[in-house]
Amino acid sequence: MKPVKRPPERRQVTVLFCDLVNSTTMAEQLDPEELMELVESYYAICDDIVSSHSGYMAQYLGDGILAYFGYPDASEEAAPNAVRAGLRLRDAIRRLPSPTAEPLRCRIGIATGSVVATSIRDIETPHKAGLMMGKTPNLAARLQSEAGPDQILVSESTHRITRELFHHQSLGAKELKGFHQAMPVYAVLEETDVSCRSQARWKTSDLPLIGRQQEMELLLKAWQSASRGQGQLVLLQGEAGIGKSHLVGELKRSLLEQGHRQMSWYCGPNTRESTLHPIAEQIKKTAGFEKGEADGSRQQKLARMMERYGATEASSLEVLADLIGLRGGHQSALDGLTPEKKRQIRLDTLLAMVQAWSDGQPSLIVVEDLHWIDPTTLELLDRLISTAHQHPLMVLATARPEFQAPWPPGDNCAHLHLKRLDRTASELICSCLNPDEALSPQLTRRIVERCDGIPLFVEETTKSMLEQLRANGPSGGDGGDGSDLIPETLHDSLAARLDRLGPARSLASIAAVIGRSFTYELLEAVSSQPEAWLREQMDALLVSGLLQFSEQTAGEAYEFKHALIRDTAYETMLKRDRQTLHEQIARTLSGQFHELVDAEPQLLAHHYTRAGSFEQAIPHWISAGRKSSDMASHEEAVQHFQTALDLLRHEACRREGLPASLELNLLLGLAMSLAGSRSYSAPEVGQILEESRTLAERLEDSQSSFAILRGICNFCIVSCDLDNAERSAGECLQRWDQGRDPIHGIEAHFSIGYVHYVKGSMALARQHLTQSIDLYRLHEGWDLGFPSTHDPMTGSLTALAMVEQACGPPDQVAATLEQARQHAERLGRNYETVYTLSHELLIHVLQGRYLEAIALSDTILGISDAYGYLTWRAIAKVYKGVALAHAGQAEPGGEALSIALEGMREQQRLGVMTLEGFRLAEIATLHSLASSVSEAFATIQAAAEAVRRSGEAYFMPLVHVRQADVIARAQGHDEPAVMEALDQALAIARALGAASFETMINAKKQLYARERIGGSAL
Ligand SMILES: Nc1ncnc2c1ncn2[C@@H]1O[C@H](COP(=O)(O)OP(=O)(O)O)[C@@H](O)[C@H]1O
Ligand SMILES: [Mg+2]
């Protein structure tokens, strides 16, 4: 690849220090010339080993060396290669001719971590090559000086990345000079029998198989037909970490019970140049070689094994002995043969042996990671596959997408592409790894979002977050750009994919600063590069698979395929470079992309914030908050307003003169959005409203103080403090009288009307609600900008429907609700829709239309879940449980009750007290239907107390009716208390002027009386 000049970057490297033991004594004892010779051969060995492990020899320091791995290009194998190089160095140094009686020995220290590095490819300034800043090189140096003779010490991060590949001994935490915290230190002992990380993963994974049922079924089907004699190949392709090996592992496991043979060939990144390496390893295993066994004994084992599979020719034995590096056998049979002939004998022998092995019994050969396969193994595999249909053999091969399979899909060959896991499956992986729920739901959500359904990413990120949490406690990360989510174990492989890009790498960085997705137009404007160059690099990015076309954004748009790749590209840039780019993007956006900025002000706000230009950012955060709140996306609005407020306060600390009215505006926006997303009665809403009231009084801002008053009124309504609600609604009405501002009028009549409805003052309620509706209609089409979270028209219409439900006329209720629905539809805001539907749901419950109630509650739950309307979700759950029980669709004391109680708990957590008494009465009915008599009585009692305490007279007759039902079910219809309760209900309904309630209660009385007579006649 052409050398590419890159600016200094932040990157992860593995640093290795190696030093000779006793070099000062040697210097004293040896003639300088001899010493020079010794050091030169030592250097040569180091050079050779470091470079053969893709390392970079950075410095020679007397008798020490400093080498980098994963530099100048990141590599997935950087840390394992450094450790491997360490082991080889140790052995090679011992074999160097020693000037003393003792063999030469060394001390090695290895550490992995992030550094800021200049690029050695920067050929114009070679003196700057390899400059590396950060604590990692120091740590490696300290570990090296801490190591004993022939000891290799590694840091915790190196250990974490390589723990499956090497046996380590933990030496506990050590105090190291220059580090104020004790550092965990590990000594490397030897390699395990796992040769690469991708092979290590499934061996050590303790996760069950999540999802992938269809794929598993397909594999089992293929296995069944293979075992019946129709041999075949299944090629499992998918990107790194998608779960190929995991699936293969599960298949192997599920076949364990069945009589069959299986073997695995592993291709690895380090062995793609070693001919037939995967097969050689398998032969050693099948022949049963032991560690340190003499070649002679191995020869015998090999011969025995080959005999089992019918390979008895001397030439066969010799080619295989040669393949696995056995010395000392007879070489006569191969004398005079050309290398090509030997190769042919080798392949023929192996093929015949594998066929003999798989004959007669169902057999499975797994070939892992074909993208790393060496050409000869590929040839053998190809020949094997072409004859597979004659044997009961299934070849299951895995490969990353870049592998071009020479076997087209057909009768004996199936291609299976593994897709990303869905959200639920990703969440399940998280929760399997996090059984104690140490990670908060928000963090889990972030992990799932950032990891795009790649199980490896989910697993590693979750583990890394758990480790961070264990080490540092709940610190919350860096606040959202995702960089805290890139685990060390993934960093190298993610960065390697970027480094392979060449010149397109710099474009990927600019794109990463713009965001996960971006339009070509914006990228072009920001990068200010000629179009031809840009097009070429964009193609390279698309071909590399790092970018893909974006469907969501209009125009020519792209997105990073993985959020973590975007994060890595972002993270590797220097902070100052990122900041400059953010500033440049912000300026480009505000200068040339007005439409985009109008549509998504948060974009510009975000770039200004990241550029450190807070003052410019604030107004755009406010617009973003307003926009979200207009669309009733309260959750987002909360975030936007909160960010603006934080920045404002940060700026205000730095300098005087920022307008306090801005803060007031923000506080109000925040309070309303919080009320919308959580509930009006959430304590933080009350607190922010109080803060705003003080500020508004200080500023004598009457417009804001109306909004605050209205907010306080809602706060009181939802917390069921009806006296104070009435008082603040009254104050709102005074403002209307004083200023005749239509907003004040509409809002004031609505709120006082609402309070009257709940208090059962039906006539007053009807009068105020109608006034609010009329006034609203008069100003329909005006841009009034109401201060509450919900529109007063939907509020008034639904409250009016409630009044009509109690007082009549009965046929008007549906018509009024229909008006509310149409109005909500015109507004086009989900919040209004849910508000209206929730009142409709309540009316269905009051009318006993339970099937409609079930359907409606599901609709409400769907919208509320999607938009985070917690209050409506909680309430819908209660009514859903109730309706399910009455409709006979769920056990009243089982599923129905648990849904309803869950809703009650959510509602209580939110502090939503309004209508609590009525909902309790409904829960009492569930207990009663489930024949839980004492719970039913206790709950109905609590319901009666709740409505009495709150003064929600509207619901009192209803609670008494439910009470009558509970008593009748428990003690029989002729129990006098039943009629007493109904009479009480009737008296209250009459006092309220609730004619429809009266009719309903009278009907109930007649029903019970009839049943009583019927009952006694029996
Ligand atoms: N379906 C799955 N359910 C649970 N864990 C999975 C699943 N797929 C993959 N994993 C986990 O993700 C990690 C990466 O999977 P792996 O099979 O090694 O990927 P690949 O072979 O495609 O590179 C493994 O540690 C594995 O345990
Ligand atoms: Mg794998």
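Every chain begins its residue count from 1, and numbering advances along the sequence as written. Going through the entries in the order they are written, you letter the chains from A and number the ligands from 1. With the structure being a predicted model, the display of local features is reserved for residues of pLDDT at least 70 and the display and counting of side-chain atom pairs for 80 or more, all residues being used for whole-chain, interface and lining totals. Values shown for side chains rest on all heavy atoms present in the structure; no hydrogens or waters enter the calculation.

**Observations regarding the overall build of the chain**
A helix here means a DSSP run of H or I that spans at least four residues, while a strand means a run of E at least two residues long, and both kinds are numbered starting from the N terminus. A tally of regular secondary structure across the chain gives 43 helices and 16 strands. Across its three principal directions, the C-alpha atoms of the chain cover 115 × 80 × 55 Å. A 1.4 Å probe rolled over the protein chains alone gives each residue an accessible area, and that area as a share of the maximum for its type sets the label: buried under 20%, exposed over 50%, partly exposed in between. Buried positions account for 55% of the 1018 residues belonging to the chain. Residues count as neighbours in contact if any of their non-hydrogen atoms are within 4.5 Å of one another. Sequence separation of at least 24 residues holds for 69% of the intrachain contacts in the chain that already meet a minimum separation of 6. For the chain, the accessible area works out to roughly 44,500 Å², and carbon and sulfur atoms hold 49% of it. Positive charges come from Lys and Arg, negative ones from Asp and Glu, while His and the chain ends are left out of the count. Charge coordinates come from a single atom per side chain, which is NZ of Lys, CZ of Arg, CG of Asp or CD of Glu. Side-chain charges of the chain comprise 99 positive and 132 negative groups, with the mean position of each set lying 2 Å from the other. In short, Shrake-Rupley with a 1.4 Å probe defines the accessible areas, and a residue's cover is counted only from the protein chains shown.

**A few points about the environment of Ala-799**
For Ala-799, the location among the structural elements is in helix α33 (residues 792-807). Sequence separation between Ala-799 and Phe-750 is 49 residues; the distance between their C-alpha atoms is 8.9 Å. Excluding residues that lie within four positions of it along the chain, Ala-799 makes contacts with Tyr-754, Tyr-757 and Leu-769.

**What to know about the site of ligand 1**
We call a residue near a molecule or strand when any one of its heavy atoms sits within 4 Å of it. The environment of ligand 1 is formed by 19 residues, the closest being Ser-205, Gly-241, Ser-245, His-246 and Glu-459. Two N or O atoms form a polar contact when they lie within 3.5 Å of each other; inside protein one atom must be a possible hydrogen donor and the other a possible acceptor, and for residues adjacent in sequence the pair counts only when both atoms belong to side chains. Here an oxygen atom of ligand 1 and a backbone polar atom of Gly-243 are 2.9 Å apart. Leu-456 places a main-chain nitrogen or oxygen 3.5 Å from an oxygen atom of ligand 1. Computed on the free molecule, ligand 1 has an accessible area of 550 Å², of which 99% lies beneath the protein chains in the complex. Every element with two or more residues in the shell around ligand 1 is listed here: α8 (244-255) and α16 (455-472). Ten residue types, Ala, Val, Leu, Ile, Met, Phe, Trp, Tyr, Cys and Pro, are classed as nonpolar, four, Asp, Glu, Lys and Arg, as charged, and the remainder, Gly among them, as polar. Class assignment for the residues of the shell around ligand 1 results in 9 nonpolar, 5 polar and 5 charged.

**Regarding the confidence of the model for the chain**
Here the chain averages 89 in pLDDT, while 94% of its residues score no lower than 70. A low-confidence stretch, residues 122-128 stays under pLDDT 50, and its non-local contacts, those more than four residues away or across chains, total 3 contacts. Low pLDDT (under 50) marks residues 476-482, which in the prediction has 15 contacts with non-local residues, meaning those over four places away or in another chain. How sure the predictor is of each residue is captured by pLDDT, a score from 0 to 100.

**Overview of the pattern of salt bridges**
Just to be clear on terms, a salt bridge is a Lys or Arg side-chain nitrogen sitting within 4 Å of an Asp or Glu carboxyl oxygen. Enumeration according to the criterion identifies 56 salt bridges in this entry. Linking Arg-88 and Glu-191 is a salt bridge whose minimum nitrogen-to-oxygen distance equals 3.3 Å. Residue Arg-88 is located in helix α3 (residues 78-95), and its partner Glu-191 is located in strand β8 (residues 183-191); the two are separated by 103 residues in the primary sequence. A relative accessible area of 30% means that Glu-191 is categorised as partly exposed. Asp-983 is paired through a salt bridge with Lys-1005; the nearest N and O atoms lie 2.5 Å apart. Taken as a pair, Asp-983 in helix α42 (residues 976-992) and Lys-1005 in helix α43 (residues 995-1017) lie far apart in primary sequence, 22 residues in all. It is possible to trace a salt-bridge network through shared partners that takes in Glu-156, Arg-160, Arg-163, Glu-467 and Glu-488.

**Remarks on the packing of aromatic side chains**
The geometry of an aromatic ring pair is captured by two quantities: the separation of the ring centres and the angle between the planes. Aromatic rings from Phe, Tyr and Trp, with only the six-membered ring used for Trp, were paired whenever their centres fell within 6.5 Å, and each pair was classed as stacked if the ring planes differed by under 30 degrees, edge-to-face if by over 60, and tilted otherwise. Per the stated rule, a full pass over the model turns up 19 aromatic pairs. For the pair Tyr-835 and Trp-872, a centre-to-centre distance of 5.4 Å together with 80 degrees between the ring planes defines the contact as edge-to-face. Of the two residues, Tyr-835 is situated in helix α35 (residues 830-847) and Trp-872 in helix α37 (residues 870-886); the sequence distance between them amounts to 37 residues. Cluster of aromatic residues (ring-pair linked, three or more members): Phe-750, Tyr-754, Tyr-757, Tyr-879, Phe-918, Tyr-954, Phe-955 and Phe-997. Lying over the aromatic face of Tyr-570, Arg-566 brings its terminal NZ or CZ to 4.7 Å of the ring centre. Sitting over a ring, as applied to charges here, requires NZ of Lys or CZ of Arg to be within 6 Å of the ring centre and within 35 degrees of the ring normal. Here the guanidinium or amino end of Arg-740 rests over the ring plane of Trp-736, the centre of that ring lying 3.9 Å away.

**Quick look at the sheet that holds strand β12 (residues 393-399)**
An order of β10-β11-β12-β9-β13 is seen for the 5 strands of this open sheet, with the pairing classed as parallel. Lying at the two open borders of the sheet, with one neighbouring strand each, are β10 (261-266) and β13 (413-417). Between one strand and the next, the sheet's axes are offset by a mean angle of 15 degrees, whatever the strand orientation. A pair of strands is treated as paired once DSSP finds two or more bridges between them. Across 5 bridges, the pairing between strand β11 (residues 363-368) and β12 is parallel. Within β12, the residue paired with Ser-363 across the bridge is Leu-393. Axis definition: a line fitted to C-alpha atoms, over the contacting stretch in the case of helices. Angles run 0 to 180 degrees between N-to-C directions. Contacts from helix α13 (residues 375-387) reach β9 (232-237), β10, β11 and β12 within the one sheet, and its direction differs from that of β10 by about 150 degrees.

**Regarding helix α39 (residues 916-929)**
Expected helix span is given by 1.5 Å per residue-to-residue step, counting one fewer step than there are residues. Taking 1.5 Å of rise per residue, the 14 residues of α39 would be expected to cover 20 Å, and the 20 Å separating its terminal C-alpha atoms lies within 8% of that figure. Among the 14 residues that make up α39, 13 are buried, leaving the element largely enclosed by the rest of the structure. Phi turns positive one or two residues past the end of α39, at Ser-931, with a value near 60 degrees.

**Here's the deal with unusual backbone geometry**
A cis amide bond links Tyr-71 to the next residue, Pro-72, at an omega of 0 degrees. Following Gly-808, the chain continues to Pro-809 via a peptide bond in cis, the omega torsion being 0 degrees. Take Pro-809: it is sitting in the loop between α33 and α34 (812-827). Positive phi values are uncommon outside glycine, yet Arg-212 reaches one of about 65 degrees. Relative to the helices and strands, Arg-212 is located in the loop between α6 (197-204) and α7 (213-227). Owing to a relative accessible area of 10%, Arg-212 belongs among the buried residues under this scheme. One non-glycine residue, Arg-740, lies in positive phi territory at about 50 degrees.

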